[in-house]
Every structure is written in C-alpha cells, then in structure tokens.
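An overview of the molecular structure
Given next are the chains, with one letter for each unit.
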Amino acid sequence: MTGSAAPGSRTSAAGIPLRPVYRPADVTDQDYDRDLGEPGRYPYTRGRRASDATGAWIQRELSGEGSPRRSNEQFRQLIAAGAAGVDVIGDTATMALLDPDHPMAGPAVGAAGVSLCRLQDYIELYEGMPLERITFSHSLNAAFCVAGLYLAVRHHGYDPVAVRGSVINAPIYAEDCGYATQFPYDLRMRLALDTVAFCSKKMPRFHSFIEDTYFISDGGLDAVEEMALGFVEIREMTRLLIERGVPVDEFAPRIAILVNCRMDLFEEIAKVRATRRLYARMMRDEFGATDPRSLAVNVTVHTSGLTLTAPQPVNNVVRGAVQALAMAMAGVQAIEISTFDEAFRTPGHEAHVVALRTQQVIAEETRVGRVADPLGGSWFVESLTTELERQISDKVAEIERVGPIGQLAEDGYFRSIFAHGMDRHARSLQSGRLRQVGVNCHQMPPEEDTLLRELAQARFEPDTAHIALISGWRAGRDQARVQAVLDTLTAAAADRGADLLGPIMDGFTAGATQGEMAGALRLGYGLPADPLAFGGTQ
C-alpha cells in the first residue's frame, strides 16, 4: 500500500510491521564494515561517494511542452532560475512512436510533453543549451532518443564523448505501465541492449541504462514491489549484455536507478539505503564487477505524482517539500519534484519555479546536506533498511522462480502486478485506510478550494501549428532516399544479429521520422507497420 497508513496502525506503507520504539537489540546482527561502511565505500549503504556530505545533488525539473522550440524556451527559463539539470519528457504521441500528423496523435501533440519525431526536432530542442555543464535526463524511447541526441550534439559542435545525462531504458515494463509502442518483447530488449552497447563506446559519460522504478510504481506499487521489479529488469539486462560479450565493468558504471518517493518518509530513506547495498552486493558477488564505479549505483529521484491531488492543490507544495527533504537526507544524486499542478498537466512555469525554489531552500537553508547519511545509526532506520533489503531480495527471487523474464512479460505476468497495485491503491483510498488530505479527510467545499487552482488547471492545448509544420515538411522530402533507409532498417530488424542504432541514425539523417522507423522495425518482425491499422508506415 502506498501512502499514509490508517491512524493507529503499526506498519510502514509497504506493510512492514513497526515497533512503538526501537532499541539497540533491534540491530544486533549488523556489522558496520560489512553492512554499512563509510560513504563512498562498499557496500555504499551510506552513500556512493565520500563527498555526499556536500549536499550538492543535481536540482532538476520535468519539462517539455508543445514544439521543440517552445520546450527549448522552458529549458532556458529553468536554467536561468538555477536548475542544474532538465528532465525532458515526450508527449503521448512521441512516447508511443506516433508522428504528430498521425490520425490518432492530434489531441495529444505537445499537450503533456514535447513533440519529437525527426532529427530537426532534436536539433531545435538543444539549440543554445550549455551541454558542457547541464545534464539532460530523458523520459523518451531510449534508442530513438540516443540516436537523435547523438546527432544533435554533433550538429551543435559538442563531442558526444563528453556529454552527460541519461535516458530511461525499460524494455520489460514499458508496454504495461508506460507508453505502448506495439513492439514485441524481443525487439524492445534488442533496442535497449543496442543502446547501452553503443553508449558504452560512443557516449561513455551518458547514463544509457536508467532503471526507472518511478514510472512502474506510481500506479500504486509499494516500495518493496517497486525495487524488486527494478532489480529484476537490471539483472535481466545485465545478464544479456554479458552474454553479448560486453564486459560488466564497461557498462555498469553508467547504470542508474530513478526511484519514486512517496510520503512514508523513513521508509523511503531506508529504501534508498537498502537499494545501494543490495545493488553493490549483487554486482560484485553475482556479476563479478570489480570497478568501484560498477558497485556504487547512482540513485536519483522523481517525487511521487500519485501522492499529489486535484483537491487542494496547494497541499502538493508541502508534499513535494517533504519528499525532497527525505531524498536529500537519503543522499541521492539528483532530485526532481512533481509539481503542484501534477494532477492536471505537465509543469507550468509557476509550478516549475515553486518546485525548483523548494529544492533550493532545502539545499541552502536547512543544512541537511552538511552530513552524509544523517540518519545512519538510527536503530529504526537501520532495522527498516535491513528488512527492506531482505524483502526486496526475496521478491526478486520469487519472481525469477516463476519463469523466464521475457516469457513473463509476453504472458502479462507483470501487467497483472501493476493492475493489482492500482486496484489496491484505489480501494485503500475508498475505504479510508489510506488517508489523503483533501481527498478523504480534511476536505473543503469546492467554492473554498481556490488556492493555486487557477494556475494548476491552466492547460496547454494541442499544438496544431506543429502538426501542420510536420505535414508540410514531410511532403518536401526526398521520398526515394527516405524509403531506401526504411528498407535498410527493416532488413536490419529481420536480421536478429544486426545492430539497430546505426540504421536508426541513418534514418534520421535521411529525413525519416520516428514513426516511420518504428513501422520499419515492426515490418522486420513480421508485424503491421502501423499498429493502429491506418496503413503505411505511419
């Protein structure tokens, strides 16, 4: 169960039994060097770097709205306000690999993320961006994002080897709780592995293997389920990359985990600590990693959108502050706060400013970052960390015993976990077991619920001008050249041993769109180019 437990209950949000008070006897089996260690030392429970006491996490916010040029303006506003990073999110059509002029895309174009479909879009998106000092995180399809970013970076005169940032890479779960691309599992995994292998050589400072447990958990999974499923995917991709002949110490240093943060403050802090320890032990003992960077996983956070409410949106400012404070004390490497308008839209300008200022107040005024792992040694936090590690590990083993991961994904096993989590969350709210201020307790009449409401409800309309621009541009291309690169991509997809990143980059360079290339990939797997049955490649 995600959220606040009912009054009088003695469990964490994940159902872990809690004692009224914790004492030394609750952590007697803990060995400091074995289980904790100094920050920056194995098993990294207390932090991945010895310098984690600087409080210098990357302050970033989710951004993207309308056309690439409009989103570029948002980026500039955030950077001017002090952001050290930006998380780029695509609109629904972009995430589903539908071009903006696809018949089904219109109502979603630019309305909840940036619209991207061609190389020029990526070039415009990063125009004038200080890529040498700002990190760009991407909530986009990994293979197409990396191809577009790589080409755009070179266009703007930067060396891709030096570019930092990240992209979500979640081939197992994307169809079930993200944005369905209508790609079969084998193709999704192949694209994910090709992306990691490419970046390990060509963009070695870029995190191409972001395990995003935020988006798999924010439908209602608890902390144990969230991290167990995250580790299942990390483990599967690590096995397959090693089978491909990619050394673990070549790609593991660029694995990162983007976690969720809900309202159970101590459980969320303990979750991050347990994750670092479990990851370090797994990489060293199971996969044979020896590079310390392979063992010290980079943990970043996006605070929970599920905990934010449409009633009384001003309360969301408080929720974001509590969650960000928890993650600052947990020692994560980057924080982005779900903004007060989360229940209605992707962040507007005012919401961006409030969220960024929240982080800045925490960093500059609270002094929580002056000491690494400030809750380390708390009998409660140490006991909770150990119990979470045990339950996460047990859940991973339970899932892996059921059968091959790819087959489970194709059979809907994970979809059932997500559906159960959503149903459980809804029932908990309805019954009052999960208390949420403004929703099922401490409510107020709608006519009094006005604070920040007008700002929160202001929505961005679909970008019809961008749709028209893409339609006109499409008609003026060298169609023979475009068709030739699409045919090459289809042939590469049909050859199960061929690399796909190179042909995708060639497609972008020749003027092919993401939607057209997605169609070419499906054809290579014997599927219709357009899964929505509109014919053609889009």
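This text gives an overview of the structure that appears in the document. Since this is a predicted model, take the numbers as computed values, not measurements. (Residues numbered from 1 in each chain as written. Predicted model: local features only at pLDDT ≥ 70, side-chain atom pairs only at ≥ 80, totals over all residues. Heavy atoms only, no water.)

With respect to the overall build of the chain
Across its full length, the chain holds 22 helices and 8 strands. Its C-alpha atoms give the chain principal-axis dimensions of roughly 75 × 60 × 45 Å. The buried share of the chain, reckoned over its 538 residues, is 59%. Expressed as a percentage of contacts within the chain between residues at least 6 apart in sequence, the contacts between residues at least 24 apart total 78%. Taken as a whole, the chain presents about 20,500 Å² of accessible surface, with 53% of it coming from carbon and sulfur. Positive and negative side-chain charges of the chain, numbering 53 and 69 respectively, have mean locations separated by a distance of 4 Å. (Helix = DSSP H or I, 4+ residues; strand = E, 2+ residues; numbered from the N terminus. Buried < 20%, exposed > 50% of the residue type's maximum accessible area, 1.4 Å probe, protein only. Contact = heavy atoms within 4.5 Å. Areas by Shrake-Rupley, 256 points an atom, 1.4 Å probe, with all protein chains shown as cover. Lys, Arg positive; Asp, Glu negative; His and termini not counted. Charge placed at Lys NZ, Arg CZ, Asp CG, Glu CD.)

Describing the pattern of salt bridges
The tally for this structure, following the rule as stated, stands at 37 salt bridges. When the shortest N-O distance is used, the salt bridge between Glu-382 and Arg-273 registers 2.9 Å. A residue pair is termed long-range when its members are at least 10 positions apart, and Glu-382 in helix α15 (residues 379-402) and Arg-273 in helix α11 (residues 265-286) qualify at 109 residues. For Asp-423, the salt bridge goes to Arg-427, with nearest N and O atoms at 2.9 Å. Residue Asp-423 and its partner Arg-427 are both found in helix α17 (residues 413-431); the two are separated by 4 residues, about one turn of the helix. Residue classification places Arg-427 among the exposed residues on the basis of a relative accessible area of 53%. (Salt bridge = Lys/Arg side-chain N within 4 Å of Asp/Glu carboxyl O.)

Quick notes on the packing of aromatic side chains
In this structure the tally under the stated criterion is 11 aromatic pairs. Look at Tyr-22 and Phe-380: their rings are 5.0 Å apart centre to centre, the planes differ by 40°, and that puts the pair in the tilted class. Taken together, the residues Tyr-22 in the segment before α1 (32-36) and Phe-380 in helix α15 connect sequence positions 358 residues apart. You can call Tyr-22 buried: its relative accessible area is 12%. Put simply, the rings of Tyr-173, Tyr-413, Phe-414 and Phe-418 pair up and form one aromatic cluster. The ring of Trp-473 carries Arg-118 above its face, with NZ or CZ at 5.1 Å from the centroid. The ring of Tyr-525 carries Arg-496 above its face, with NZ or CZ at 3.7 Å from the centroid. (Phe/Tyr/Trp six-rings, centres within 6.5 Å; stacked < 30°, edge-to-face > 60°. Lys NZ or Arg CZ within 6 Å of the ring centre and 35° of its normal.)

Some thoughts on unusual backbone geometry
A cis amide bond links Tyr-42 with the next residue in sequence, Pro-43, at an omega value of 5°. Take Pro-43: it is sitting in the loop between α1 and β1 (58-63). The backbone phi angle of Tyr-44 is positive, close to 65°, even though this residue is not glycine. The residue Leu-452 is not glycine, and still its phi comes out positive at about 65°. In this fold, Leu-452 is placed in the loop between α17 and α18 (453-457). Classification of Leu-452 as partly exposed rests on a relative accessible area of 25%.

Focus: the pairing of strand β4 (residues 165-168)
Burial along β4 is two-sided: the residues Gly-165 and Val-167 and Ser-166 and Ile-168 are all buried. Bridge count for strand β3 (residues 135-139) against β4 is 3 bridges, and the pairing is parallel. Bridge pairing in β4 links Phe-136 to Gly-165. What joins β3 to β4 is helix α5 (residues 142-155), and the crossover it makes is right-handed. (Pairing = 2+ DSSP bridges. Right-handed = clockwise from strand over helix to strand, strands pointing away.)

Section: α17
In this model α17 runs 27 Å from its N-terminal to its C-terminal C-alpha over 19 residues, within 8% of the 27 Å that 1.5 Å per residue would give. For α17, the complete set of buried residues consists of Phe-414, Ile-417, Phe-418, Gly-421, Arg-424, His-425, Ser-428 and Leu-429. Buried residues of α17, viewed axially, fall in a sector of 130°; they line one side. Residues Arg-427, Gln-430 and Ser-431 are exposed on α17 and point more than 90 degrees away from its buried face. On its buried face, α17 is in contact with α6 (174-177), α8 (213-217), α9 (223-243), α15 and α16 (405-411). Following α17 by one or two positions, Gly-432 adopts a phi angle in the positive range, close to 90°. (Expected span 1.5 Å × (residues − 1). Arc of directions from axis to C-beta.)

Some words on the pairing of strand β6 (residues 255-261)
Burial of β6 is extensive: 7 of the 7 residues sit out of reach of the surface. Of the two faces of β6, the one carrying Ile-255, Ile-257, Val-259 and Cys-261 and the one carrying Ala-256, Leu-258 and Asn-260 are both buried. Alignment of β6 against strand β7 (residues 298-303), held across 6 bridges, turns out to be parallel. When the sheet's bridge partners are listed, Asn-260 is paired in β7 with His-302.

Examining the side chain of His-466
Of note, His-466 is situated in helix α19 (residues 464-475). Residue class for His-466 comes out buried when judged on its relative accessible area of 5%. Contacts of His-466, omitting those with residues within four sequence positions, involve Ser-67, Pro-68, Pro-100, Val-109, Ser-115 and Asp-121.

Some remarks on the packing of helix α20 (residues 479-494) against helix α22 (residues 514-524)
For the pair α20 and α22, the least separation of the axes is 7 Å and the interaxial angle reads 40°. When the axis of α20 is compared with that of α22, the two are oblique. Between α20 and α22 the crossing geometry is right-handed. Two secondary-structure elements touch here, α20 through Val-482, Leu-486, Leu-489, Thr-490, Ala-493 and Ala-494 and α22 through Glu-516, Met-517, Ala-520, Leu-521, Leu-523 and Gly-524. Its residues assigned to classes, the contact of α20 with α22 comprises 9 nonpolar, 2 polar and 1 charged. (Axes fitted to C-alpha atoms, helices over the stretch in contact; angles between N-to-C directions. Parallel < 35°, antiparallel > 145°, perpendicular 65-115°, else oblique. Left-handed = near helix turned anticlockwise from the far one by under 90°. Nonpolar A, V, L, I, M, F, W, Y, C, P; charged D, E, K, R; others polar.)

Concerning the packing of α20 against helix α21 (residues 501-510)
Running from amino to carboxyl end, α20 crosses α21 at an angle of 170°, the nearest separation of the two axes being 9 Å. Comparing their axes, α21 and α20 come out roughly antiparallel. On the side of α20, the interface is formed by Arg-481, Val-482, Val-485, Leu-489 and Ala-492, while α21 contributes Pro-503, Ile-504, Asp-506, Gly-507, Thr-509 and Ala-510. Considered class by class, the residues forming the contact of α20 with α21 number 7 nonpolar, 2 polar and 2 charged.

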